[in-house]
2 protein chains.
Amino acid sequence: MSDQVKYVLDEERIPRTWYNLMADLPTPPPPVLHPGTLKPVGPDDLAPLFPMSLIMQEVSTERDIEIPGPVRDVYRQWRPSPLYRARRLEKALQTPARIYYKYEGVSPAGSHKPNTAVPQAFYNKEAGIRKISTETGAGQWGSSLAFAGALFGIEVQVFMVRVSFNQKPYRRALMESYGARCVASPSMETNFGRALLAKSPDNNGSLGIAISEAVEVAATNADTNYALGSVLNHVLLHQTVVGQEAIAQMELAGDYPDIVVGCTGGGSNFAGIAFPFIGAQLRGGRKVRVIAIEPAACPSLTRGRYAYDFGDTGHMTPLAKMHTLGSAFMPPGFHAGGLRYHGMAPLVSHVKELGLIEAKAYHQTACFDAGVLFARNEGILPAPEANHAVKGAIDEAMRCKEEGVSRSILFNLCGHGHFDMQAYMDYFAGKLVDQNYDESELAMALAGLPSVPEPA
Amino acid sequence: MSDQVKYVLDEERIPRTWYNLMADLPTPPPPVLHPGTLKPVGPDDLAPLFPMSLIMQEVSTERDIEIPGPVRDVYRQWRPSPLYRARRLEKALQTPARIYYKYEGVSPAGSHKPNTAVPQAFYNKEAGIRKISTETGAGQWGSSLAFAGALFGIEVQVFMVRVSFNQKPYRRALMESYGARCVASPSMETNFGRALLAKSPDNNGSLGIAISEAVEVAATNADTNYALGSVLNHVLLHQTVVGQEAIAQMELAGDYPDIVVGCTGGGSNFAGIAFPFIGAQLRGGRKVRVIAIEPAACPSLTRGRYAYDFGDTGHMTPLAKMHTLGSAFMPPGFHAGGLRYHGMAPLVSHVKELGLIEAKAYHQTACFDAGVLFARNEGILPAPEANHAVKGAIDEAMRCKEEGVSRSILFNLCGHGHFDMQAYMDYFAGKLVDQNYDESELAMALAGLPSVPEPA
């Protein structure tokens, strides 16, 4: 049999609906709370930030939510994305496992992020919004929203974590190529940013800070909305095109995954591949082991507390129940910037609590080992974030080898690493360090969690 | 009608043969000469550098040359590549033209180069070769051969022009990720390199020098062969998968190009899209205007002499009749490193002489203007090389607007610009300069062309 096995779907098979896991869950996730009243937030509370169509998706329990025509049209540029059988990798590992990967790096921004950036830009345009503000860490999300904004004629302002802004000028240049404006956060453009800079002019920023700034801009300008690249229900919802296509492609392969693996930062690429399989299982389909892989230096799912917390540092967001390291937690520096977030998507946290998924944490060097092995066999160089999923899949494949069983393993290769070559250079130069977070800092951040009585 | 129109071919329609334009030309191109004897080179002269299967392709006049199964298998990772109708760009230009582009940036290396790297690695492996040496300028070719070498288990050594080696560490890191060894040229690893460094230790290198070094390594090691990423007949041949697919996709679109545009450095991506259309015309098909776009700072087709010249600076290669600026010509620095070569593929030069193609030269700033306009409408950020083709297509589209006629324009978008963000940063910072070459240096380089009597 050929070493190169690609499962291609006809364009007509781009999903027509997003899949909403809420419809199939045995219990709903805890409500999102207003930080002032500690009462569940209603659509009106969110209206200053999001168009009503996205707010309705955020709270919807409808199983299938129609993808608007203009969004599906843009999807067609790179969707359906390919699904590959990693036969060369299997041979290199000498494993009886069948390894499949869904490749989202074919989008113009090089990752899965446009799957949600495009509908978010579309719905905002439809609502008459002129401008969207957002945050970005490593830059995958910022460049994806910049891309989507360019297509729908919406102005995009990106608050980029200052340390990344300085270290990753190329990601910034990509956003600017799409016409977006990218500013280092903390910035002088918001009250929150100015206050932080007054206290410490050399503040390096964090994702939590950048979110606060972007939210402030949206909340204080009527023609401006906010967009988030992960965490929220509607963002995870949009990513389900990944898993839905994968189900159809696995069918083409005449196989079904025993194990589904994704990396988790905020949780969106993981949810994108996993939720459709979890939903199928909940509706009586085949049981599948689902494994979330997170960085050991920022391990919200494996070491965080399942508690109500803010999504940002400035405490401008509502409170969501999620696995969190505390909104004040500052993870040590590591290269998978897309996974450096203190919290986890509430819906991913909820399915973890329900026992529907497992979680594992890996240090970065082992993930780069896996990513380079993958590149030399499969030809695609993964993003550092995606290396976590590669490592998770390889570990399961090696377990198959030890146990002498052939299992089918599917993972989401959520993006390519072409913008992350400095990380690979550090890896080859032996400069990567597997830093642990500071236990006492974690304890302090967790001690600072807001006190929220259990809802009735 | 939808703004996003993609023409997708089924995997079964990846070409089964490469198309050899030699079969349809009214006259054959002048022979390649041995630099010592000035007699046409025979297969044996080339045997120290290339496997016999590639040498046979180099001189073949057979129209259709079978693509080996294992090569086609690797092609399936990213082929058939998509062909798009640029409707959003058309709207932005308010042109009646129908603009189509074939997108080769979907390969794992991000450009068209793997189309030939893969068969070159395959044939060398089949011939029992252990190692391939090659040169690279901007790094597109080096990383593509590194990719192909990893897949077929062949060691790859890349001589990278020193100025690029220093300026583009990320391309080098990509080659290393695939397991290749990349050295700055001139290097201490060859006699030619050592001699140059002895004379000037801070020699910045050039493509011509790097070719000499790579050829020397191959010529002096029995287990090592040489590979070139453009210029040669067999390289152009392998790229014809691009144009063959495009013909099928234009058929799907119910259209046929009036104009085909490609950018030209050595000539391979241009030949890849153009030769199948030129061949169809020569066999009685529809006439098509074919336009080669080259950089005004290195204008071999528009300002070079059609004469016998060496392919390299060290004069180790055979003599080929081509449009050349002289092997001693040093083009000024500009960002499309893949187009900075003194010569042009002999076969492209020949079809230019036959009047089958036109050529135009553009300065880089205008090309970046075009590339950014393209990115903001079509979502894909082109490589600086590809920006030349974008500019060529846009100019023809604007002519359609002026003349009030709708023509069908097809161009080859040969790679994405994710490794070229420094160039875009310079562009946005207003730092791009449209340098002209030095006329007296060109005159000197042309005066230094080898004296070759017209063959009988």
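Note: the structure precedes this text.
Scope of this entry: the structure provided in the associated data block. (Residues numbered from 1 in each chain as written. Chains lettered and ligands numbered in written order. Predicted model: local features only at pLDDT ≥ 70, side-chain atom pairs only at ≥ 80, totals over all residues. Heavy atoms only, no water.)

1. Quick word on the packing of helix H2 (residues 52-59) of chain B against helix H11 (residues 233-252) of chain B
All names here are of chain B. Using the following cut-off: Between the N-to-C directions of two axes lies an angle of 0 to 180 degrees, each axis being a line fitted to C-alpha atoms and, for a helix, fitted only over the stretch in contact. Helix numbering and strand numbering both begin at the N terminus, where a helix is a DSSP run of H or I of at least 4 residues and a strand a DSSP run of E of at least 2. Throughout this description, any angle smaller than 35 degrees is read as roughly parallel, any larger than 145 degrees as roughly antiparallel, any in the 65 to 115 degree range as roughly perpendicular, and the remainder as oblique. We call two residues contacting when some pair of their heavy atoms lies within 4.5 Å. Side-chain classes are defined by residue name, with Ala, Val, Leu, Ile, Met, Phe, Trp, Tyr, Cys and Pro counting as nonpolar, Asp, Glu, Lys and Arg as charged, and the others, Gly among them, as polar.
Where H2 contacts H11, the axes come no closer than 8 Å and their chain directions differ by 85°. The angle between H2 and H11 places the two elements in the roughly perpendicular class. Contacts between H2 and H11 involve Leu54, Gln57 and Glu58 from the former and Asn233, His234, Leu237 and His238 from the latter. Here the contact of H2 with H11 is composed, by residue class, of 2 nonpolar, 4 polar and 1 charged.

2. Some details on the pattern of salt bridges
For clarity, the cut-off: Basic side-chain nitrogens of Lys or Arg form a salt bridge, by our definition, when they fall within 4 Å of a carboxyl oxygen of Asp or Glu. Burial classes follow relative accessibility: with a 1.4 Å probe on protein chains only, a residue under 20% of its type's maximum area counts as buried, one over 50% as exposed, and anything between as partly exposed.
All chains considered together, the criterion is met by 45 salt bridges over all chains. The closest approach of N and O atoms between A:Arg63 and A:Asp24, which form a salt bridge, is 2.4 Å. Here A:Asp24 lies in the loop between strand S2 (17-19) and helix H1 (43-46) and A:Arg63 lies in the loop between helix H2 (52-59) and strand S3 (64-66), a separation of 39 residues in the sequence. Judged by relative accessible area, which is 33%, A:Arg63 ranks as partly exposed. Overlapping salt bridges, with partners in common, bring together B:Arg289, B:Glu358, B:Lys360, B:Glu396, B:Arg399, B:Glu403 and B:Arg407 in one network.

3. Quick look at the nonpolar core
Rules: Residues belong to a common nonpolar core when they are buried Ala, Val, Leu, Ile, Met, Phe, Trp, Tyr or Cys residues joined through side-chain atoms within 4.5 Å.
A:Trp18, A:Phe275 and A:Val348 are the most contacted members of the largest nonpolar core, which totals 82 residues. Sequence-distant contacts of A:Val348, defined by excluding residues within four places in its chain, comprise A:Leu236, A:Gly267, A:Phe270, A:Ala271, A:Phe275, A:Leu301 and A:Ile357. Core analysis: the second largest hydrophobic core is formed by 81 residues, B:Val71, B:Ala148, B:Ile154 and B:Ala173 among them.

4. Considerations on the sheet that holds strand S6 (residues 131-136) of chain B
Residues and elements named next belong to chain B. Quick note on the threshold: Any two strands are treated as partners once DSSP identifies two or more bridges connecting them.
Strands sit in the order S8-S7-S6-S9 across an open sheet of 4 strands; the sheet is parallel. Only two strands of the sheet have a single neighbouring strand rather than two, namely strand S8 (181-185) and strand S9 (224-226). When strand polarity is set aside, the average angle formed by the axes of neighbouring strands in this sheet is 25°. Here 5 bridges tie strand S7 (residues 155-161) to S8, and the two strands are oriented parallel to one another.

5. Let's talk about the side chain of A:Glu385
Residue and element names in this part refer to chain A. Inclusion rule: His is not counted, nor are the chain ends, whereas Lys and Arg count as positive and Asp and Glu as negative.
Within the secondary structure, glutamate 385 sits in helix H16 (residues 384-403). Buried within the structure, glutamate 385 lacks any salt-bridge partner; lysine 168 is the closest side chain of opposite charge, at an N-O distance of 6.0 Å. When neighbours within four sequence positions are excluded, glutamate 385 is seen to be in contact with Ala138, Cys263, His335, Ala336, Gly337, Gly338 and Leu339.

6. With respect to the environment of B:Phe270
All names here are of chain B. Position of phenylalanine 270 relative to the elements: it lies in helix H12 (residues 268-282). You can call phenylalanine 270 buried: its relative accessible area is 0%. Spatially, the C-alpha atoms of phenylalanine 270 and leucine 373 are 22 Å apart, while their sequence positions differ by 103 residues. Apart from residues lying up to four places away in sequence, phenylalanine 270 is in contact with Gly262, Cys263, Thr264, Phe275, Val290, Ile291, Ala292, Val348 and Ile357.

7. Let's talk about the interface of chain B and chain A
How we decide: Summed over both partners, the accessible surface that disappears when two parts come together, traced with a 1.4 Å probe, is what is meant by buried area. Polar contacts, as used here, are pairs of N or O atoms within 3.5 Å; protein pairs need one atom able to donate a hydrogen and one able to accept it. Residues neighboring in sequence count only if both atoms are side-chain atoms.
With 43 residues of chain B in contact, the opposing surface of chain A contributes 44 residues. Each partner contributes to the roughly 3,800 Å² buried at the junction of chain B and chain A, and carbon and sulfur atoms together form 56% of this total. Among the residues chain B hides against chain A, the three largest losses belong to B:Gln77, B:Tyr170 and B:His418. Together they make up 18% of the total. Scanning the region where chain B abuts chain A turns up 0 salt bridges. At the junction of chain B and chain A, the tally comes to 20 residue pairs in polar contact (both at pLDDT 80 or more). Elements represented by at least two residues in the side of chain B that touches chain A include exactly strand S1 (4-7), helix H3 (69-75), helix H6 (140-152), helix H8 (169-177), helix H15 (364-378) and helix H17 (421-428) of chain B. In terms of residue count, the dominant contributor to the side of chain B that touches chain A is H8(B) (6 residues).

8. Things to note about the sheet that holds strand S6 (residues 131-136) of chain A
Residues and elements named next belong to chain A. Pairing is parallel across the open sheet formed by 4 strands, whose spatial order is S8-S7-S6-S9. The open sheet terminates on both sides in strands that have one partner only, identified here as strand S8 (181-185) and strand S9 (224-226). Taken pair by pair, the neighbouring strands of this sheet meet at an average axis angle of 25°, ignoring direction. The strands touched by helix H8 (residues 169-177) within the sheet are S6, strand S7 (155-161) and S8, with S7 carrying the most contacts at an inclination of about 170°. Here helix H10 (residues 207-219) sits on the sheet in contact with S6, S7, S8 and S9, set at roughly 170° to S6.

9. Quick look at the packing of aromatic side chains
The test is simple: Classification of ring pairs rests on two measures: the distance between centres of Phe, Tyr or Trp rings, Trp counted by its six-membered ring, which must be within 6.5 Å, and the angle between planes, read as stacked under 30 degrees, edge-to-face over 60 and tilted in between. A ring is scored as having a charge over it whenever the NZ atom of a lysine or the CZ atom of an arginine sits within 6 Å of its centre and within 35 degrees of its normal.
One pass over the full model with this rule turns up 33 aromatic pairs over all chains. Here A:Tyr170 and B:Tyr170 contribute two aromatic rings whose centre-to-centre distance is 5.9 Å and whose plane-to-plane angle is 75°, an arrangement assigned as edge-to-face. One end of the pair, A:Tyr170, is in helix H8; the other, B:Tyr170, is in helix H8, on a second chain. Each residue in the set A:Tyr75, A:Trp78, A:Phe147 and A:Tyr178 is aromatic and connected to the rest through ring pairs, giving one cluster. It is A:Arg171 that lies over the ring of A:Phe419; its NZ or CZ is 4.2 Å from the centre.

10. Brief notes about the relation of the copies chain B and chain A
Copy one and copy two of the chain differ by a rotation about a common axis and a shift along it. For the record, the criterion: What sets the superposition is a least-squares fit of C-alpha atoms, and only residues with pLDDT of at least 70 in both copies go into it.
The transformation that overlays chain B on chain A combines an axial shift of 0.0 Å with a rotation of 180°, and the residual RMSD is 0.0 Å. Both copies of the chain, as the preceding transformation shows, are related through a two-fold rotation axis. A shared binding surface is used by both copies, with 100% of the interface residues of chain B retained as interface residues in chain A.

11. Brief notes about unusual backbone geometry
Look at the link from A:Arg79 to A:Pro80: it is a cis peptide, with omega at -10°. Within the fold, A:Pro80 resides in the loop between helix H3 (69-75) and strand S4 (83-86). A positive phi angle is found at B:Val231, which is not glycine, with a value near 70°. For B:Val231, the position within the fold is in the loop between S9 and H11. A relative accessible area of 9% places B:Val231 in the buried class. Its identity as a non-glycine residue notwithstanding, B:His315 has a phi of 55°, on the positive side. Within the secondary structure, B:His315 is located in the loop between strand S12 (305-310) and strand S13 (319-324). Among the residues examined, B:His315 registers a relative accessible area of 38% and is labelled partly exposed.

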